[in-house]
Each structure stands twice: as C-alpha cells, then as structure tokens.
Amino acid sequence: MAELKTPVKGISRRSFLKTTAAVAGTAAVAGTTTVALAANDGTADVDEHEVVCVCGCNCQGNCSMVATVREGKMVNIRSNENLPYPSYERICMRGFSHANRMYDFNRVLYPMKRKTWSLEEPHVENRGTDEWERLSWDEAIQLVADTLTYNTENYGVRSNCVLVSAGNSFAAYGGLIAGLGFANAFGFQGLDVCLDYGDLVGIGEVTGSGWDFNQRNMAGDYRYAKTILIWDTNPPNSQPHSWHFCMEAKDAGANLVVIDPTYTIAAQQATKWVPIKPGTDPALGMAMLNAIIDNEWYDLDFMREKTCAPLLVREDNGHFLRATDFDEAGPAELPEYPFFGTLLLQGVKAGKVPTLEETAHYVVWDADKNAWGLINEVANPAMEGSFEVNGVKVTTAWSLFKEHMAACTPEWAEGITEVPADTIVELARMYAQDAPSTIYAGYHLYDNCEEMGMTWACLAALTGNIGKRGASIGHLGKSKPTINMAGLAFPAGLSGLNDELPWLHLPEVLETGKLKGEDFPVRLLYNIGANPVGSYAAQKKTIEEVLPQIPCIVTNDMEFSETCEYSDIVLPCAHYFEYDWIQASSHTPFLYMANKVADPIGEAKEDVEIFRAIAERMDNEAAKAFYAKSNEEMMRMVVDTEKGEPLGINLDNLKEKGVLADRDENWIHWEEQRWPTLSGRLEFYVENPGARIDIGKPIDKEFYHMPTYHTPFEAYDESEQHDKYPLYHYCERTRWHLHTQYNHAPVLRELDPEPYLRMNPVDAEARGIVEGDYVEAYNDRGHCVCKAKFDMGVRPGMVSSPKGWHRGAYVAGSYQELTCDHLNVLHMNTSFDDTLVEVRKYEGEVK
Ligand code: SF4
C-alpha cells in the first residue's frame, strides 16, 4: 500500500539555508539523526574503523581518501597518504564535506511517485506542486518497467530517452558508465548532454581525437613546462588537485599566464594576468598564430615531419591529394571530422593511429625534383607553393594556412579583445620560444568555442608544443588504456548510443515530432545522475516548455535535485561511499578500488542494482543476459583485461592494494608524435569538417577548414540584444560546488552561505546599487534575484554568477534562467556564457 509522503515538504525557497546553518558542523542524517564529526576521545566503547575510498564526483580529481566509520556511520574523511605517487595526494573542501553530503537532509530515501501521475493520465501540469507518495521498490520497478514496455510497444524503443550524467558517480564501474550501459542494453535513445564539448571538437579536429576530453599529458607533467597558459579556466576552484603542479612550475621559474576576463584566484597567483573581453578569446589565439608566423617563431622541422603542412590541398574539393585519387574510382569518400564520436568510452576506436604504410598515399611536392611524390619517399617536400598534379591544382596546407591567418594581426585582435597588440605579440613569443609550453584549457562556453579549441591545437601544431615533456593542450589526460569501460557502457552485441539526440535539439524534436525527417515521439525521459533542470541553460524554458511535452520523467538520484522536483518517479540512489565500485577516470595515473564505507541510507540502491531489477521485468533477453552478471562479474569484466594483466592490473590485486598505478606520474600523451587523424599528422587544415552529431542540418564546410573568427551568438557589443541587455553574464566555477552537487553541506554553506552576483562598482553605482543590496538580473529568458557583491576584479560591463546553486537558494528565479540555449549545429555545445543581461535593484521582499 502506498503511503503519502512529501519528503522535502517544508524546505521552501531559501529556507534550506537556515536549515543548514542550524546543523552547521554536523552531518544531518536525512530525517532525524545527526552524527558528530568530533574525534572519538577513546573513552567511549564504540566500533570505529577506517576504509579506503575515492571521491567519485566528476571534477575527476579522484582523490583517494580514508573514511572513519563509527558505529556504522561515516564521521570523518582525510586524504590517503599511501599512494604510488605521493604528488597526487590531495583533497579539497568538497571532499572534506562528504560526511555532510552522505547524510544530507536532501538525500532521497525511498522510491516515490508524484501523486497525480499515471501512465494513462500523467497530469504533467502538476509537476513541481504535486504531493509525493512513497512506493515500495517492487511497485516502483514495476511501474518503470511497465512504462518502458508500453512506450516500446506503442511508440518504438527510442521513444524512451535516457540522459546520463555524473551526479551519482563518475566511475569506471557504477554511476555514469552504468547508465550508458542501461541505455545501450535496451537500445533506448541516448540524449547527448551538450556540455563542455565545444572546444574539444576544435582540438579534436586537429589532433584526430574527436570530441574526446582525454587530450593532454598527465597533470604531473605540468611541472616541466616553461610556459603555461591557463585559458578559460580557474583550476584552484575547478580542479584543485592539478593546480599545485602549475604552482610548482611557477616556483621553478615558468611563465604562468592566466587569460580570463575576471581576476580569478588563478590570476592572483599567476606571473601575468591577461584580462580579455568576454567571448573574444579565439581572436586572441588567432592573432598569436599570426605573430608566430610573422616572426617565424614556428618550428618548421616539426611541421614538416609531424603536421599536414607539406600536404597538398586540392583546389577543386578542398581535400588532401592522395595518389589513390588517380585510381579509376577517383577520390575516396572521406569521413567527417571529428569522426570518433563517443571515443572516450569506446576505447579501442579512440587509439587508432595510422601506420606510416597506411598513410603512404598522401602526395607532396618534391622541392628537389620539382615534381610530385609520395609523402614517405620525398626527403625535401616543398612547404609552400601552388602546383599542378595530373591536371589537379593544389597548394600546400602551410601556404593556405599562412594566407588564411594573414589578416588576423595583433592590431585586428586588439580591436576585438581589448588586449593590447604588444601583449599579444609577447604572449605568442613566450608560448613559442619559452618552451616547452602547455595550454591548460578550460571550457570556452560561447558559440565560437569550436574555433577556440582549433586555435589552441594550431598553436601547438605550429610550435611543436605537443607530445613532449612539458608540452600539451587540452583538459584531461588520456582515459585508461588497460580497462574495458566499453564492456559496461556498451554491452557486447547490444545497440549503441552512436545515434545520439543532442539535448539542445530536443525542443525542436518535441515541437515537430521529427528527428532527421523521421517521426520521433518522445514519451519518457529517464535521468540517470542527471539534473537538466538545475544544470542546463534556459531553465524557465526547460520547466515551462520542454518537460511538459514529455508524459513521463523518471530520475535516479541520491539528492532531491531540481529535476527530481519536476519528475514523476524518483528512485533513490546510493552515495558512492555506500557500495563497492571502481574509479578510473583520466586525471590521475591510478586505478582505484572504491570500497563501501557504510550501508546506504534509507532504501537507496546503486544504479546497477536498479537497472538489474528493471531488466528482470522487461521482455528483452539480451538485456536480461547482460544483467544476469553479478556486480563482481561486471567489475571483473571492466578490470581483468589482456592489456592490464602484464602490468599486474586485475581486480584481485586492486582489492588488495586499493590503488594501482597504471602509468608514469608525468605521462606524455602522443609521445610517439603520431596522431589518430587520417594522415597520422596534426591537421591544422581540416579537409572535411562535420557536425559533432548528425541531426540532418548542414554546416558551412568552407568556414571550418581553418580557425576563423566569428562573434559569440548573443554576447557581443553589436548584437541585437545589447541595447536592451548591456551586461555580459558569466558563470564562474566555485570551490564550493561541483555542478549542482554539494549544495547543502553545512560546512560548505558556512563558508559560502548564499548565491550572489559579482559586479564592478562602476556598473553598480550607475544603477543605484550599493554593496549588499539584493538585485535582479534579467533578460528575455528569465531572471534571478540575489545579493550584489562588488568586485573590482570583474570587468566593467560584465557580471558573474557562481555556478551550481539550486533554484531554491535564490530569492526568485535562478542564474540558469538567464543562460543561453542556442544550438550551434557544428559543435552542439551549450554556450552558457554567451549571455547578456541587465541588472536593477530589487525592491521586493526578501524572506
Ligand atoms: S571534489 Fe575533486 S578535488 Fe575535491 S576531493 Fe573530490 S575529487 Fe578531490
């Protein structure tokens, strides 16, 4: 019998701030109990022991930890001092707060259904206001299985859409990967999150790594750089576990340069801060390329041997000339870049670097013989010039690139970026000549993000700052080569997520009922550790226009997120300290056994257990067979691989040691200096650019061959919106949140009690705002009301909101109501910072 419950009733907008203040210094067990964090003084006869575990959130620091468990409850946490490489021993304030997070009042304790929802009559209009009724696990699983089955039979299996993210855990076994496996096992439609991929697409076009995060050297290698450009990121907040390597480089005399419109913590600790006009960074990078070319600071030998510079580009179709073009069948059809799609998880596909033999058909111009020849046979290929080969007009890629970049002068960029031309030239010199150089890339969250990534990769390609000690670009080190993540994420023989539906395209699909011209009904949205209401742009539109078009929303989460609030069925997930799992993301050179610390609270279950129970109720033999494996068998499938065995990597060893090193602590990516492009070289000229995901919309291929500046979508002075909304709105990552997680931990809220809007006093005074006033930021998409915080480190003309705060923490609205959900058909990345707003003093009541 279902019992009526409203588990977070009474926790109204902003009231949770008071609640957390009241329990500051303790960890509140959802419901009634509290656990003191004070050390046991030894006088009480208590059961206390320690467990080695891992922080499983997707900052991907994977800090190894030791948890203290007292009377079955986790009461304390510290970093693990027994690591194979001590330089990776770290923990941050978020990590210290896990005892709070585990026993947070906002944990989901048991399966729930919205009272007026049913498969037959979903009453979507009641979402957000309905009461909740408690279900048994048996009732909940049957309801979900029945809905999935009904949709499959009546609308097709892909009417069940699955959105997977890292809210429950970012892991090799468990959480996010398990969610992908669930979608694949049944062949449900995967939804692409459209987060953080934009500049990866650009880097991936040049390096052939696709839209993969795993492009740079291991963080420890940063210590060997002589110049580090911290660009579009603030690692002391977002990736504190890596920042100390940058500081070590600085202490050893390196240039540590921060390029950011605001005076971040990283900027405060750098040797140089380059304040740049928001959204214009690609122009700065292009002008640096121009200066490198103009001053001949490029590495011609590297370019000749390792890049596409000497390859000949056909005038007729823009592709590289291959000897095979002259075969009877003519030029072969080429895949579009970035062509590796979901390579992060498909492992095997990702590493495909062609051999010299496989690339022997590329044609160059032999400068000694003044005739064409094959790349592997010509000792002195011409680097520049136009030629004719068998009637085909061609030009070297290097000539095209030089010509293309000629207009991007430092003076041109100064007019766009407001960075002085001589500063741009000095940055270019520093990067090219004070080498080895590393670009610690963040996420350029503007519509021109793809060209940002491409520009970073071109800087590395022209100067040889890649594949070497102290020289790399990108976000994270390479994902683990020894383990079989694909085994869990893409169950063998079952369907894949290759044909993904981008979240940003979902509104159009719902509106038209079509995807790529075909009928496409969306009947169910299953969020697995995903919080699209809280984390995605244009929140008001999501709540009021997108979600109401979907009859059923199911969410697996450990916390009662904003998305849970707008769901119909909520299933409680275990915190990653409540079950055994394996961590293996790419920021550290380790694999971890993440041991269970304590029993799940309430009736929470780990994701895999939930999927296994659903599979038992579904008519899908292949999925049933996959989920017939025990957790132990699944973990063995991931860890016990042929590649790992010679290195002593297997589950038994992992269980015994807790942490295993799987590579050198300063590991260099692409050290062999061959890349997974078609030519095996860095291709700063992209012969066949394509969209990240094919949704049937064409892109302008001519535009994307080489980096070409275009303004952001909305956030630029000449945009239509600018007269009405003159302030650039930026979302900053803080050290107190990880996306929308860690919202309620009392120890964090003591230090960071409520959301705010940072603004320059000049802009505030012009609007009659004094420090501490509550203000309303607004645009056509929505508004948010919070405190104003004056900060001279924020450029006049822009304001900045901390990311991650839940809606309930604002007096009204949310910063995510302001953000831009424009779909760029090439990169399909959310341009969160491509947003304009106006701000006024808030005259309403603040409760
Ligand atoms: S949030 Fe990141 S840096 Fe902090 S403890 Fe967890 S993994 Fe480490």
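Keep in mind that what you see is a predicted model, and the values were worked out from it rather than measured.

A word on the overall build of the chain. Broken down by element type, the chain carries 28 helices and 38 strands. Against the globule reference of 29 Å for 847 residues, the chain gives a C-alpha radius of gyration of 27 Å, in line with a compact fold. With the C-alpha coordinates of the chain rotated into their principal frame, the extents come out at 85 × 65 × 60 Å. When each of the 847 residues of the chain is scored for burial, the buried share is 64%. Within the chain, counting contacts between residues at least 6 apart in sequence, those at least 24 apart form 76% of the total. Carbon and sulfur atoms provide 49% of the accessible area of the chain, an area that totals close to 29,200 Å². Placing the 74 positive and 123 negative side-chain charges of the chain at their respective mean positions leaves the two points 3 Å apart.

This part covers the UniProt feature "domain: 4Fe-4S Mo/W bis-MGD-type" (unreviewed entry) in the chain. Feature annotation in UniProt places "domain: 4Fe-4S Mo/W bis-MGD-type" (unreviewed entry) on residues 48-106, given in this structure's numbering. Taken end to end, residues 48-106 is 15% helix and 36% strand, and its first and last C-alpha atoms sit 26 Å apart.

The next subject is the packing of aromatic side chains. Each aromatic ring pair is described using two quantities: the centre-to-centre distance and the angle formed by the ring planes. On inspection of all chains with the given rule, the structure shows 32 aromatic pairs. Measuring from centroid to centroid gives 4.9 Å for tyrosine 263 and tryptophan 273, while their planes differ by 50°, and the two rings are tilted. A residue pair is termed long-range when its members are at least 10 positions apart, and tyrosine 263 in the loop between β13 (255-259) and α9 (265-269) and tryptophan 273 in strand β14 (residues 272-274) qualify at 10 residues. With a relative accessible area of 36%, tyrosine 263 lands in the partly exposed category. With a relative accessible area of 29%, tryptophan 273 lands in the partly exposed category. Relative to tyrosine 709, the ring of tryptophan 412 has its centre 6.0 Å away and its plane inclined at 85°; by these criteria the two rings are edge-to-face. Placement of tryptophan 412 in helix α14 (residues 410-417) and of tyrosine 709 in the loop between β31 (659-661) and β32 (727-732) is noted, with a sequence separation of 297 residues between them. According to the relative accessible area criterion, tyrosine 709 is buried, its value standing at 18%.

The subject of this paragraph is the pairing of strand β30 (residues 590-594). Across the five residues that make up β30, a large majority, five, are buried. When strand β29 (residues 581-583) meets β30, the two strands line up antiparallel, connected through three bridges. The residue bridging tryptophan 581 from the neighbouring strand is alanine 594, located in β30. Counting the residues that bridge the hairpin from β29 to β30 gives six residues. Bridge count between β30 and β31: three bridges; the pairing is antiparallel. The partner of leucine 591 across the bridge, within β31, is leucine 660.

A few words on the site of the ligand. As a matter of local geometry, the ligand sits amid Cys55, Cys57, Cys59, Gly61, Asn62, Cys63, Met65, Cys92, Arg94, Gly95, Pro240 and His241. Taken together, the elements giving at least two residues each to the shell around the ligand come down to α2 (93-96) and α8 (240-251). Its residues assigned to classes, the shell around the ligand shows seven nonpolar, four polar and one charged.

In this section: the nonpolar core. Of all hydrophobic cores here, the largest spans 114 residues; its most connected members are Phe182, Tyr526 and Ile614. If one sorts the elements of this core by residue count, helix α5 (residues 175-186) sits on top with eight residues. Membership of the second largest hydrophobic core comes to 66 residues, among which are Ala283, Met288, Ile293 and Met454.

Here we come to the pairing of strand β5 (residues 64-70). Taking burial as the measure, the seven residues of β5 include seven buried ones, the bulk of the element. Neither face of β5 is exposed, since Ser64, Val66, Thr68 and Arg70 on one face and Met65, Ala67 and Val69 on the opposite face are all buried. Bridge count between β5 and strand β6 (residues 73-79): six bridges; the pairing is antiparallel. Paired with valine 69 across the two strands is methionine 74, which belongs to β6. Taken together, β5 and the strand that follows it, β6, pair antiparallel across an intervening segment of two residues, in which glutamate 71 is found at a positive phi of about 50°.

The next thing to look at is the environment of tyrosine 298. If you trace the backbone, tyrosine 298 turns up in the loop between α10 (281-294) and α11 (300-306). Taking the C-alpha atoms as reference points, tyrosine 298 and leucine 459, 161 residues apart in sequence, are found 9.0 Å from one another. When neighbours within four sequence positions are excluded, tyrosine 298 is seen to be in contact with Ile292, Ile293, Met303, Trp398, Lys402 and Leu462.

Before going further, it helps to spend a moment on the sheet that holds β31. An order of β29-β30-β31 is seen for the three strands of this open sheet, with the pairing classed as antiparallel. Edge positions in the open sheet fall to β29 and β31, since each of these has one partner strand only. Adjacent strand axes in the sheet meet at a mean angle of 15°, parallel and antiparallel pairs treated alike.

This next bit is on the domain arrangement of the chain. Accessible area lost upon the coming together of the parts is a frequently used measure of interface size. Here the chain is partitioned into domain 1 (112-195 + 485-574 + 604-639), domain 2 (200-474) and domain 3 (727-841). Placing the centre of domain 1 and that of domain 3 at their C-alpha centroids yields a distance of 30 Å. Between domain 1 and domain 3, roughly 1,700 Å² of surface is buried when both sides are summed, and carbon and sulfur atoms account for 53% of that area. Inspection of the domain 1/domain 3 interface yields one salt bridge. Linking domain 1 with domain 3 are 11 residue pairs in polar contact (both at pLDDT 80 or more).

Our focus in this paragraph is the sheet that holds strand β12 (residues 227-231). Spatial strand order, β14-β13-β12-β20-β21: five strands in an open sheet with parallel pairing. Each edge of the open sheet carries a strand with a single partner, namely β14 and β21 (472-474). Across this sheet, the average inter-strand angle for adjacent strands is 15°, counted without regard to direction. Bridge count for strand β20 (residues 437-441) against β21 is three bridges, and the pairing is parallel. If you follow threonine 438 over to β21, its bridge partner there is serine 472.

Take unusual backbone geometry next. A cis geometry characterises the amide bond from alanine 435 onward to proline 436, with omega recorded as 10°. As for its position among the elements, proline 436 is in the loop between α15 (421-433) and β20. Phi at lysine 516 is positive, roughly 50°, even though this residue is not glycine. Take lysine 516: it is sitting in the loop between β24 (514-515) and β25 (518-519). In this structure lysine 516 comes out as partly exposed when scored by relative accessible area, which is 38%. The residue glutamine 673 is not glycine, and still its phi comes out positive at about 55°. Of note, glutamine 673 is situated in the loop between β31 and β32.

On average, residues of the chain carry a pLDDT of 90, and 92% of them reach 70 or more. Overall, residues 15-38 carries pLDDT values under 50, and its contacts beyond four positions in sequence, including any with other chains, amount to 60 contacts. pLDDT under 50 marks residues 341-350. Its contacts with residues more than four places away, or in other chains, come to 26 contacts.

Tallying each qualifying case throughout the model produces 49 salt bridges. A salt bridge links aspartate 221 to arginine 469, with the shortest nitrogen-to-oxygen separation between them at 3.0 Å. Taken together, the residues span a long stretch of sequence, with aspartate 221 in the loop between β11 (214-216) and β12 and arginine 469 in the loop between α16 (449-463) and β21 at a distance of 248 residues. In this structure aspartate 221 comes out as buried when scored by relative accessible area, which is 0%. For lysine 605, the salt bridge identified is with glutamate 609, shortest N-O distance 4.0 Å. A relative accessible area of 25% places lysine 605 in the partly exposed class.

The rules behind these values
- Residues numbered from 1 in each chain as written.
- Predicted model: local features only at pLDDT ≥ 70, side-chain atom pairs only at ≥ 80, totals over all residues.
- Heavy atoms only, no water.
- Helix = DSSP H or I, 4+ residues; strand = E, 2+ residues; numbered from the N terminus.
- Rg over C-alpha atoms; globule rule 2.2 N^0.38 Å.
- Buried < 20%, exposed > 50% of the residue type's maximum accessible area, 1.4 Å probe, protein only.
- Contact = heavy atoms within 4.5 Å.
- Areas by Shrake-Rupley, 256 points an atom, 1.4 Å probe, with all protein chains shown as cover.
- Lys, Arg positive; Asp, Glu negative; His and termini not counted.
- Charge placed at Lys NZ, Arg CZ, Asp CG, Glu CD.
- UniProt positions renumbered as here; feature names shortened; annotations may be inferred.
- Phe/Tyr/Trp six-rings, centres within 6.5 Å; stacked < 30°, edge-to-face > 60°.
- Pairing = 2+ DSSP bridges.
- Near = heavy atom within 4 Å.
- Nonpolar A, V, L, I, M, F, W, Y, C, P; charged D, E, K, R; others polar.
- Core = buried A, V, L, I, M, F, W, Y, C linked by side-chain atoms within 4.5 Å.
- Axes fitted to C-alpha atoms, helices over the stretch in contact; angles between N-to-C directions.
- Domains from an automatic or database assignment.
- Buried area = accessible area lost by both parts, 1.4 Å probe.
- Salt bridge = Lys/Arg side-chain N within 4 Å of Asp/Glu carboxyl O.
- Polar contact = N/O pair within 3.5 Å; in protein donor to acceptor, adjacent residues only side chain to side chain.
- pLDDT = per-residue confidence, 0-100.

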